[in-house]
Amino acid sequence: MLVTAYFAIIVLLALCVGLEFTARRLTPPQSTLTAVANPAFRRFQSIFLRAYLLALWADWLQGPYLYKLYRHYSFLESQIAILYVCGLASCVLFAPFSGWLPQVLGRRQTCLLFCVSYSACCLTKLSRDYFVLIVGRILGGLSTSLLATTFEAWYVHRHLDVHDFPKEWIPSTFNKVATWNHGLAVGAGLVANLLAEWIHLGPVAPFLLAVPCLGCCGWVVLTDWGKEEAEKGPEGDKQTLILGAANGGVIRLSAKERFSRSCHEGLRCLLSDKRVLLLGGVQALFESVLYIFVFLWTPVLDPHGPPLGIVFSCLMAASMVGSLLYRLATSTRYRLQPGQVLCLAILMAFFSFFMLTFSTVPGQPRPHDSFLAFLLLELACGLYFPAVSFLQGRVIPEEKRAGVLAWFRLPLHLLACLGLLALHGEISGTGGGEGGGGTRHMFGGCAIMMLAALMAVISLFTLSRNDTDLRLEGCRGEGEVE
C-alpha cells in the first residue's frame, strides 16, 4: 500500500495538470474579463480570499488523521462512531443558527466566532478524555456550519449591497475558491503526512498546526475586513430588515422573525415544487453516504500500513480530476448536460460501493481494490458537486435558497447519523473491528442508497424533460447559435 499510494498521487497530480491545461483551452474565461480588469474588485476579492482560504486550509488539515488520532488514544471503533455521530448531530442542531447568528452578531463577528470555536475544537484533541473529545466534536459541528455559510454571506453582502459590483462577477470569486480549495485539500494531506509520519510528531500534529492558521484567519478578518468595513461604512442595522413600504411607512422584522420567515418560505418552496423535493432527496442520499465514507475509509485502509496523509491527498486529487472532467464534459466541444453528468456520478458512486462490498469481506480484505473504489467515489464527487450546484441554481429561487438548503441538510445529517449508529450497533454486537462484517454491510447499504438517489434523478428529469432551465444554454443542440 505504501508504494501504491505514492504512485497514485504522482499519477493523479500529473492528470490534474494535464486536464487543467485542456480545460483552460476548451473553456476560456469570457464573462469575468471585466471583473479581472477592475482594480477595486480585485482588491476586495483579495481581502476576502486571504481569510477564507486560511479557514479552508485549517479545515482540511484535520481530515487525514481524525480517526487515526482516536485510535491512537485507544478508543474502540464503536466509541469513535459515537464521536462522529456527535459531530454530525451538532451540525443538525447548529445549521439553522449558522444563518441566524450573522443577523444578530454581524457577519464579521460571526467569522471571528468561527475562528475561536474551531481553535478550541482543535485544542480538545490534546486530551484523551472522552467527554472532552465529545465537546470538541460539538464545537466542530458548530464551526463547520459557520464555515459553510458565514464567510460567503459576508462576501455576497459586501459585493452587492456595499460595493455595488455586478452580480455576474460573484462566480469569478467562487470559481477561484473552488480551484484553490482542491489544491489546499491535496496540500493539507501532504503537510499532515509530513508532520504525523515523516517527522514523527504523531496524529495530533495537524490539529495543532490548524490553530495558528485559524489565528491568522481571525487576524485578517479583524484587521483587513475591519478596515474594509470602515472605509465603506457599516453593514447597517443587523436587527431589522425593511420588507416593504405602505403609505410612507416601513415594515421591519427582527433577526428572529427573519430566521423564522426564511425557514417557513424554504419549507413551503420544498413542498410546493416537486423538482426541489426530488433534488433535495438526491442531495440527502448522496451526501449522507459521503459522511459515512469519511468515517470508514481510514479503518478499511489503515491496518495495511498506508501513509494516511498521502492517501487523503490521493482522494482529494481524484475529486479534482472529477471537477476538471465536469468542465470538459459540459464544454461546447462535448456538450453533456449537468443532469447527465449527475446521473453518471451517481452510477460511479454505486459501482464504487458495490466494489467495496466485495473488497471488505471479513478475513479476506483486498486493500488495493478498496483504495481504487475510494478513488472512484471521490472522482464521482468531483462530478457531482458542480452538477448539483448548477441544478440548485436553476430549480431553487434565489431568495429562498438559504432556507431550502437548510432543510436539505436536515435529512442529510440525520441519515448519516443513523448510518453510523447502525454501524456502532453492529460493531458492538458482533465484536467486529476494521474490515469486519459491519463495515461490509454498511457499504452494501450505501450502494442501495445510491440506487435510490439514481431513481430520484431519473424522476426529476422525467418530470422536467421539456424544462430548458435545467440545461446549459451553450449545449442545446448543433443548430443553435453559440
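Position numbers for residues start from 1 in each chain and track the written sequence from start to end. Selection of residues for local features in this predicted model requires a pLDDT of at least 70, selection of side-chain atom pairs for listing and counting requires 80 or more, and totals for whole chains, interfaces and linings are taken over all residues. Here the side-chain values reflect all heavy atoms present in the structure, with hydrogen atoms and water set aside.

By the naming in an unreviewed UniProt entry, the chain goes by Molybdate-anion transporter and is assigned to Xiphophorus couchianus. The UniProt entry for the chain carries this comment under Function (unreviewed entry): "Mediates high-affinity intracellular uptake of the rare oligo-element molybdenum." UniProt positions are given in the numbering used here, feature names are shortened, and annotations may be inferred rather than shown by experiment.

Participant: Run through the pattern of salt bridges, naming residues and quoting values.
Facilitator: Salt-bridge detection follows one rule: a side-chain nitrogen of Lys or Arg within 4 Å of a carboxyl oxygen of Asp or Glu. Per the stated rule, a full pass over the model turns up 5 salt bridges. A salt bridge links Arg24 to Glu20; the shortest N-O distance between them is 2.7 Å. Here Glu20 and Arg24 lie together in helix 1 (residues 2-26), a separation of 4 residues that amounts to about one turn. Partly exposed describes any residue whose relative accessible area lies between the buried limit of under 20% and the exposed limit of over 50%, with all areas from a 1.4 Å probe on protein chains only and scaled to the type maximum. Exposure remark for Arg24: the relative accessible area of 54% places this residue in the exposed category. Three or more residues joined by partner-sharing salt bridges are found here, namely Glu20, Arg24 and Arg327. The helix and strand labels rest on DSSP assignments: H or I over at least four residues marks a helix, E over at least two residues marks a strand, and numbering proceeds from the N terminus.

Participant: Outline the state of the cysteines, supporting the account with residue identities and numerical values.
Facilitator: Two cysteine sulfurs form a disulfide in these notes if their separation is within 2.5 Å. Enumeration according to the criterion identifies 0 disulfides in this entry. Left without a disulfide partner, Cys122 is nearest to the cysteine sulfur of Cys121, which lies 5.3 Å away. By relative accessible area, Cys122 is classed as buried at 0%. With no disulfide of its own, Cys217 lies closest to Cys115 among cysteine sulfurs, the gap being 3.6 Å.

Participant: Please set out a nonpolar patch on the surface residue by residue, giving values where relevant.
Facilitator: Taken together, Leu194, Trp198, Ile199 and Leu201 make up a surface patch of nonpolar side chains, about 380 Å² in accessible area. By the element assignment, Ile199 lies in the loop between helix 8 (170-198) and helix 9 (205-232). Here Ile199 falls in the partly exposed class, since its relative accessible area comes to 44%. Two distance rules govern patches: like charges are joined within 9 Å, and nonpolar side chains (Val, Leu, Ile, Met, Phe, Trp, Tyr) within 5 Å, applied only to residues with over 30% relative accessible area and no salt bridge. We get accessible surface area from the Shrake-Rupley algorithm with a probe of 1.4 Å; when it comes to residues, only the shown protein chains can shield them.

Participant: Summarise the packing of helix 5 (residues 77-105) against helix 6 (residues 107-123); cite the residues concerned and give the values.
Facilitator: Where helix 5 meets helix 6, the axes come as close as 7 Å, and the angle between the chain directions of the two elements is 125°. Our classification of the angle between helix 5 and helix 6 gives oblique. For the element pair helix 5 and helix 6, the recorded crossing hand is right-handed. Residue-level inspection shows Leu101, Pro102 and Leu105 of helix 5 in contact with helix 6, the latter providing Arg107, Gln109, Thr110 and Leu113. In this analysis, axes come from line fits to C-alpha atoms, helices being fitted only over the stretch in contact, and the angle between any two N-to-C directions falls in the range 0 to 180 degrees. When an angle is under 35 degrees it counts as roughly parallel; over 145 it counts as roughly antiparallel; between 65 and 115 it counts as roughly perpendicular; any other value is oblique. Each crossing gets its hand from how the near helix is turned against the far one by less than a right angle, where anticlockwise is left-handed and clockwise is right-handed. For this analysis, residues touch if any pair of their heavy atoms sits within 4.5 Å.

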